[in-house]
Structures are given as structure tokens and as C-alpha cells.
Amino acid sequence: MTTLYIRLPARADGDAALARFALVADGGAIDQQGEGMLRGLGDLVAASRRVVLLLAAADVTMLQVKAPPLSAARLKAALPSLVEEQVLGDPAECVLAVAPAQSADGLRSVAVVQRAYLEPLVRAMLALGARAIAALPAQLCLPLLPGHVSAAVSASGLTLRDGLYHGLGLAMASTPEVALQTLRALAGDAPLTLYLPTDELGLYQALSTDAGPTVTLEADAWQHWIAGSKTTTLDLVPALGAAGARARDWRRWRWPLGLAALAVIVNLVGINVQWLRMKHEADAIRLANLQTYRAAYPKDTVIQDPVLQMRANLARARAAGGQLGPDEFPYLAAAFGEAARALPRPLGIVALDYRERVLSVKVKPESADPGVLGTLKAALAARGLSLEETAPATWLVRNTGAKP
């Protein structure tokens, strides 16, 4: 994905003025650059991951205000009253963006631009398909060295940056002599780096000899503006609020959402069909069990659980015939006793407990060594029983269902 940088002309130049643009790849290489009308950049805007607007310095005023220590939300609410004395007109008609604090004295830089200018501009970019937009003051996008002043000269005016969050723009048509004198006066004694159109470098070079050795001339190139834009975080788009947010185009999601809904419906239908099939099978098995029970015990009138009642009746029948079930207490106790008598030394049994077809045996700790436990497990396994230790010196004996 790419980032599209657009240097906007000053509003004073009129609607017919061309904007400069540069399409920059993620690695920093400039893929395309040129000039054109904003409405003609639709393809580039839609194809870019991010659009960075460099607002003409003459259209953005940088103010210095003394702000009390407030939270970000409260400072945003207090900005109109803080800048009221320095702004011509109603602050409510302006977009205000405050820079991070740079000193302990409470002075903060505030960027001010007319809402009637910025809001339609951002909406136009969104209409062209922009995914993310940033609007930066052009004066804060000039490269800046500590203790130096940077400036740029164009046909529409002068741009100057003399601090991290401080700069200005002058919409003026002037001769090279006047432009150089004006910028030299604004820079004071600080070294001045001046970015110029390539075809004017020679003329300014001849004039700069009289301006002093602290003037450095550079050809105006996109690399300088791109590098300078990364030194500022003063973005005016968030200050627009909801007006700067992209409206979600649900039409783009119509087919994906439709396919997702269809997949959910198909899965729900499949789950319900499977549930109905399993329910019919369960009903058929329950009916078969009921019929089998009634055929075996026609005199029983109350049938709640045929399987459990059949097991209980079979157990009573075996007991009446002198047979024991493999999960009944006498059988489990007798099998455990026979296995214990085969041990080399007597086993100290403390208590026996039978519950839910499981025999619990508690023995003396000194007799519950690993060797005894292993011998008992082997002996009981031969009888179709299992032995497990659930607590120290406490064993559980249960029927495994295997035939002895």
C-alpha cells in the first residue's frame, strides 16, 4: 500500500490552482509525482492506504496560548475561549488543534483553520475513496534542524518554520529580492535554509551573497516535505470530529454479509436436521426398551425408566436364586477378601463402605505400600474388578464389566 501526499495551493490562488502530489511506497520511494486538480486524483486517492494533505501555510494560523493543566477532553473544550482574543471572527467557525506541551510554562501551540474550508476538503477526499486522511500545516512539514529556520518560496507565497510547532505563511507575490529580505528578517540571526524551485536556484544564489553566510539554498523536492511531515503530530482532521470520519459503505459488504448469513442458515438447518434425526432414534430406542420391558414384566403398571427397572428386577431375581451380581456388595467384598488373603502379610482394614455399586476400602497407612497395591490390582483384575487409590490408604473397588 502507498501514501498519497498532496500539497494544496493557498485559497487565495483560486479554485483553478493546481495541487502538487506524490505517491510514496511503504519503503519511502516516490512512485509518482506531479500536479493536478483535486477532483482528478480520484484513482490515486482510492488506491492509497493513507492521504496526507499539506495545507498551505497561509491558510493555517499557528498561535501560542497559555493553557492551564487540563485533561485532553477539557483542554479541547476550553480551546475556543483560549484563542478568542487572537482569532478574528467566531472561534466556533474554526477547527482548532492543540500541539503537545513543549515547556513547563503552559504555552501550547494551536493550529487554526477555517472549518468552512477544511471540512468540505476532507469530505471531498472521503468521497473520492480515501481510507484514512491527515491534514497537516505545511509550515510544520519543512525539515528543521535545532537552532535553524527553514523556509520555502513558491509562486503563491512564503512558508517559514522556526520551531517544532511554530511557523507561518505569507500569501504574497514578491520579487526574489523582497522574498529573501522578508525571510531573512523573520529568521533573525538564526541560520536559514531556503527551499526553492530548481530554476530559481541560480538567481537566489547570486542574491544570497548579500544576505549573509547563514543562508543555505536547497532545491525544493518532495523528499524534504515528506521527511518534515513525519516530525509533526499536529493533525487537524481529528479536530473535525464526526465530520472527518469516513461513512461506512455497507454496499461493499452486501455480498460478504449475504454469504455469511447464508452459511449461518445452512449450519442451523443442518444442526436442526441432525437433532431431529437423533431425537427420532432416541424415541425409537426408548419405545423398544419399553416394549421389551412390558413383554418381560406385563404386571408392572408404573414404568419410569425401563433400563434401570430391568436391572433392578434382574438383580432381585439373581439374589432370589442365590446368585450375586458382579457389582453387588457381597461379591465385591468377597473378591477383595480373597485377593487380600493372598498377600504375604495381613492387610489392616479400617472400614468398608458400599455406595453406588462401588466398594470403598480404608486400610491402615502402614499396610498400604505400593507393592501391596500392585498385587491387589492384579488379583482383582483377574476377577473383572478394578482397584484405584483415590486418597492415601483409601481404595475403590468396582466392576469393570470384563468377564473373569
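Thresholds applied
Residues numbered from 1 in each chain as written. Predicted model: local features only at pLDDT ≥ 70, side-chain atom pairs only at ≥ 80, totals over all residues. Heavy atoms only, no water. Patch = residues over 30% accessible without salt bridge, like charges linked within 9 Å, V, L, I, M, F, W, Y side chains within 5 Å. Areas by Shrake-Rupley, 256 points an atom, 1.4 Å probe, with all protein chains shown as cover. Salt bridge = Lys/Arg side-chain N within 4 Å of Asp/Glu carboxyl O. Lys, Arg positive; Asp, Glu negative; His and termini not counted. Charge placed at Lys NZ, Arg CZ, Asp CG, Glu CD. Helix = DSSP H or I, 4+ residues; strand = E, 2+ residues; numbered from the N terminus. Buried < 20%, exposed > 50% of the residue type's maximum accessible area, 1.4 Å probe, protein only. Core = buried A, V, L, I, M, F, W, Y, C linked by side-chain atoms within 4.5 Å. Contact = heavy atoms within 4.5 Å. Pairing = 2+ DSSP bridges. Axes fitted to C-alpha atoms, helices over the stretch in contact; angles between N-to-C directions. Phe/Tyr/Trp six-rings, centres within 6.5 Å; stacked < 30°, edge-to-face > 60°.

**Q** Explain a negative patch on the surface here, please?
**A** A contiguous patch of negative charge on the surface is contributed by E84, E85, D90 and E93. Structurally, the position occupied by D90 is in the loop between α2 (72-83) and β6 (94-98).

**Q** How do you make sense of the environment of G40 when you look at a structure like this?
**A** Along the chain, the position of G40 falls in the loop between β3 (30-36) and α1 (42-47). The class for G40 is exposed, based on a relative accessible area of 62%. For the pair G40 and L128, spaced 88 residues apart in sequence, the C-alpha separation works out to 9.5 Å.

**Q** Would you mind showing me how to read the nonpolar core here?
**A** Generally speaking, a soluble globular protein has its nonpolar side chains buried in company with each other. Of all hydrophobic cores here, the largest spans 35 residues; its most connected members are I6, L53, L55, L118 and L236. Counting residues per element, the ones that place at least two in this core are β1 (2-7), β2 (19-25), α1, β4 (50-55), β6, β7 (107-114), α3 (115-127) and β8 (133-137). It is α3 that provides the largest number of residues to this core, a total of six residues. Residue contacts for L55: discarding those within four places in its chain leaves L8, V60, Y117, L118, L121, A135, L136, P137, A138 and L236. Counting residues in each nonpolar core, the second largest holds 20 residues, with A339, V363, A379 and W395 among its members.

**Q** Can you walk me through the sheet that holds strand β5 (residues 61-66) in this structure?
**A** Adjacent strands of a sheet pair through backbone hydrogen bonds, lying either parallel or antiparallel. Within the open sheet, the three strands sit side by side as β5-β7-β6. Their pairing is antiparallel. The open sheet has two edge strands with one neighbour each: β5 and β6. Sheet twist, expressed as the mean angle between neighbouring strand axes with direction ignored, is 30 degrees. Bridge analysis of β5 against β7 gives six bridges, and the strand direction is antiparallel. In the sheet register, K66 faces β7, and the bridge partner there is L107. Across the sheet, α2 is in contact with β5, β6 and β7; its angle to β6 comes to roughly 115 degrees. In this fold α3 packs onto β6 and β7, with an angle of close to 70 degrees to the strand it touches most, β7.

**Q** Can you walk me through the pattern of salt bridges in this structure?
**A** Close approach of charged atoms lets side chains of opposite charge pair. All chains considered together, the criterion is met by 12 salt bridges. D220 is paired through a salt bridge with R7; the nearest N and O atoms lie 3.5 Å apart. Here the residue D220 occupies a position in the loop between β13 (215-219) and α6 (222-229), and R7 occupies one in strand β1, the gap between them amounting to 213 residues. In this structure, R20 engages E35 in a salt bridge whose closest nitrogen and oxygen atoms are separated by 3.6 Å. You can see R20 sitting in strand β2 and its partner E35 sitting in strand β3, a full 15 residues away along the chain. For R20, a relative accessible area of 31% translates into the label partly exposed. In the salt-bridge network here, residues are joined through shared partners; they are R7, R20, E35 and D220.

**Q** I keep staring at a nonpolar patch on the surface and nothing clicks. Help me out?
**A** Together, L259, L262 and V266 give the surface a local cluster of nonpolar side chains, amounting to about 290 Å² of exposed area. In this structure, L262 sits in helix α7 (residues 254-296). Its relative accessible area of 47% is what places L262 among the partly exposed residues.

**Q** Sorry if this is basic, but what is going on with the sheet that holds strand β14 (residues 349-355) here?
**A** Taken together, four strands build an open sheet; the order of strands is β14-β15-β17-β16 and the sheet is antiparallel. Looking at which strands have only one partner, the edges of the open sheet turn out to be β14 and β16 (385-391). Going across the sheet, the axis of each strand differs from the next one's by a mean of 25 degrees, ignoring polarity. Relative to strand β15 (residues 358-363), β14 is paired through six bridges, and the arrangement is antiparallel. The partner of I349 across the bridge, within β15, is V363. Seen against the sheet, helix α9 (residues 329-341) touches β14, β15, β16 and β17 (394-399) and runs at an angle of roughly 40 degrees to β15. Each of β16 and β17 is contacted by helix α10 (residues 370-381), which is oriented at about 150 degrees to β16, the strand it contacts most.

**Q** Just checking my understanding: could you explain the packing of aromatic side chains for this structure?
**A** For any pair of aromatic rings, the description consists of the separation of the ring centres together with the inter-plane angle of the planes. As enumerated under the stated definition, the model contains four aromatic pairs in all. Centroid distance Y5 to W222: 6.5 Å. Interplanar angle 50 degrees. Geometry classified as tilted. Of the two residues, Y5 is situated in strand β1 and W222 in helix α6; the sequence distance between them amounts to 217 residues. Centroid distance F329 to Y354: 5.7 Å. Interplanar angle 65 degrees. Geometry classified as edge-to-face. Of this pair, F329 sits in helix α9 while Y354 sits in strand β14, and the two are 25 residues apart along the sequence. On the accessibility criterion, F329 (34% relative accessible area) is partly exposed. Overall, the relative accessible area of 29% leaves Y354 in the partly exposed class.

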